[in-house]
Amino acid sequence: MEKEYDVIALGELLIDFTMNGQSEQGNNLFEACPGGAPCNVLALLNKMGKKTAFIGKVGRDQFGTLLKNTITEAGIDAAHLVVDENVNTTLAFVHTFPDGDREFSFYRDPGADMMLNESEVDEAFVGRAKIFHFGTLSMTHDGVRAATKKAVRAAKEGGCLISFDPNLRPPLWSSLDLAKEQMEYGFSVCDILKISDNEIQFVSGKEDYDEGIAYLQEKYHIPLILLTMGRDGSRAYYKGMRVERPGFSVKTIETTGAGDTFGGSSLNYIVEHDFDSLTEEQLGEMLTFANAAAAIVTTRKGAIKAMPGREEVEALVQG
């Protein structure tokens, strides 16, 4: 059947408050940056000319309005963004350390994103995507977990490729065992897995990345695994191949959205190529572009509004 959307994503849409200096009184200033991993991924895809849509929930408040407007301006179809009458939009305060690393404080007890329920997922709509993308933040609580699993089933029935990013945020889970269990669900259903260096160590219990990936491949037979290693670059594991490309050296101010930019760039490449017959050369090309796009995003605040265009990424790759 003809696919109307390149990628449909489901999950959290929230405001990331990132530190932005101090006031004259010496108080910390925070900047309200629209965020949430799934829409960060979609925003990059839209910058590359792809057609995307989002399924999720915000509150009927100023932040919810801001988020809906932001993703609509980014070109993401927001027809399936639900507004909750009772629960506020989810907020995250991002405390940045001098080395650019960060720590999150979440205001999500509850937050609107976790109130999405099964009845609000339109199965026919999900099936209209070439790729369906999700993460684990929509798996932290029962109702939204059921909604996510319904969407995954609909995507499988609709013949979509399934893309999964575990996106581990320990403060949001009642226990790390539950986080691991939901990550394992994602591994069991996905065709494309984007996983970070610390996440592979968490789920496999192995220090060595290759050993951790081998464990996942043996257990879940995931066709394509993409491993991100921060400034050290990334690797792709596909049909017995292991391809690695280095990162790019840039002046990083904060790393928010870098992994999502990498993920979105990879999905963009997959939409443009035959997923069943990727070559070693193509995988390398995909990683180099994704590494460069991610590097650019670390030089800017926030993610959705910070996404680079194709020319800018290619300039860094050539540079």
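As named in an unreviewed UniProt entry, the protein is Carbohydrate kinase, taken from Candidatus Mediterraneibacter stercorigallinarum. Word for word, the UniProt comment on the protein under Sequence similarities (unreviewed entry) is "Belongs to the carbohydrate kinase PfkB family."

Caption draft 1: Geometry of the pairing of strand S9 (residues 161-165). By the criterion of burial, S9 is predominantly enclosed, with four of the five residues buried. On the question of chirality, the crossover connecting strand S8 (residues 129-135) to the parallel S9 by way of helix H4 (residues 142-157) is right-handed. Crossover connection from S9 via helix H5 (residues 176-189) to parallel strand S10 (residues 192-196): handedness right-handed.

Caption draft 2: Highlighting the packing of helix H6 (residues 197-204) against helix H7 (residues 209-220). Where H6 meets H7, the closest approach of the two axes is 9 Å, and the angle between their N-to-C directions is 55°. As summarised for this structure, H6 and H7 are arranged oblique, according to the angle between their axes. At the point where H6 passes H7, the crossing takes the left-handed sense. On H7, the residues that touch Asp197, Ile200, Gln201, Val203 and Ser204 of H6 are Tyr209, Gly212, Ile213, Tyr215 and Leu216. Tallied by class, the residues present in the contact of H6 with H7 amount to six nonpolar, three polar and one charged.

Caption draft 3: Summary view of the side chain of serine 204. With respect to the secondary-structure elements, serine 204 resides in helix H6. Of note is the side chain of serine 204, whose polar atom sits 2.6 Å from the backbone oxygen of isoleucine 200. One polar contact links the side chain of serine 204 to the main-chain amide nitrogen of lysine 206, over a distance of 3.1 Å. Excluding residues that lie within four positions of it along the chain, serine 204 makes contacts with Gly212 and Tyr215.

Caption draft 4: Just the packing of aromatic side chains, in detail. For the coordinates displayed, the defined rule picks out 12 aromatic pairs. Judged by centre distance (6.0 Å) and plane angle (20°), the rings of phenylalanine 132 and phenylalanine 134 are stacked. With respect to class, phenylalanine 132 is no different from phenylalanine 134; both count as buried. A centroid spacing of 5.5 Å and a plane angle of 55° characterise the contact between phenylalanine 187 and tyrosine 220, whose relative ring orientation is tilted. In this pair, phenylalanine 187 sits in helix H5 while tyrosine 220 sits in helix H7, placing the two residues 33 residues apart along the sequence. The same class applies to phenylalanine 187 and to tyrosine 220, which are both buried. Among the aromatic residues, those joined into a cluster by ring pairs are Phe132, Phe134, Phe164, Tyr185, Phe187 and Tyr220. Just above the ring of tyrosine 5 sits the side chain of lysine 51; from NZ or CZ to the centre is 4.7 Å. It is lysine 180 that lies over the ring of phenylalanine 202; its NZ or CZ is 6.0 Å from the centre.

What counts, and at which threshold
- Residues numbered from 1 in each chain as written.
- Predicted model: local features only at pLDDT ≥ 70, side-chain atom pairs only at ≥ 80, totals over all residues.
- Heavy atoms only, no water.
- UniProt positions renumbered as here; feature names shortened; annotations may be inferred.
- Buried < 20%, exposed > 50% of the residue type's maximum accessible area, 1.4 Å probe, protein only.
- Helix = DSSP H or I, 4+ residues; strand = E, 2+ residues; numbered from the N terminus.
- Right-handed = clockwise from strand over helix to strand, strands pointing away.
- Axes fitted to C-alpha atoms, helices over the stretch in contact; angles between N-to-C directions.
- Parallel < 35°, antiparallel > 145°, perpendicular 65-115°, else oblique.
- Left-handed = near helix turned anticlockwise from the far one by under 90°.
- Contact = heavy atoms within 4.5 Å.
- Nonpolar A, V, L, I, M, F, W, Y, C, P; charged D, E, K, R; others polar.
- Polar contact = N/O pair within 3.5 Å; in protein donor to acceptor, adjacent residues only side chain to side chain.
- Phe/Tyr/Trp six-rings, centres within 6.5 Å; stacked < 30°, edge-to-face > 60°.
- Lys NZ or Arg CZ within 6 Å of the ring centre and 35° of its normal.

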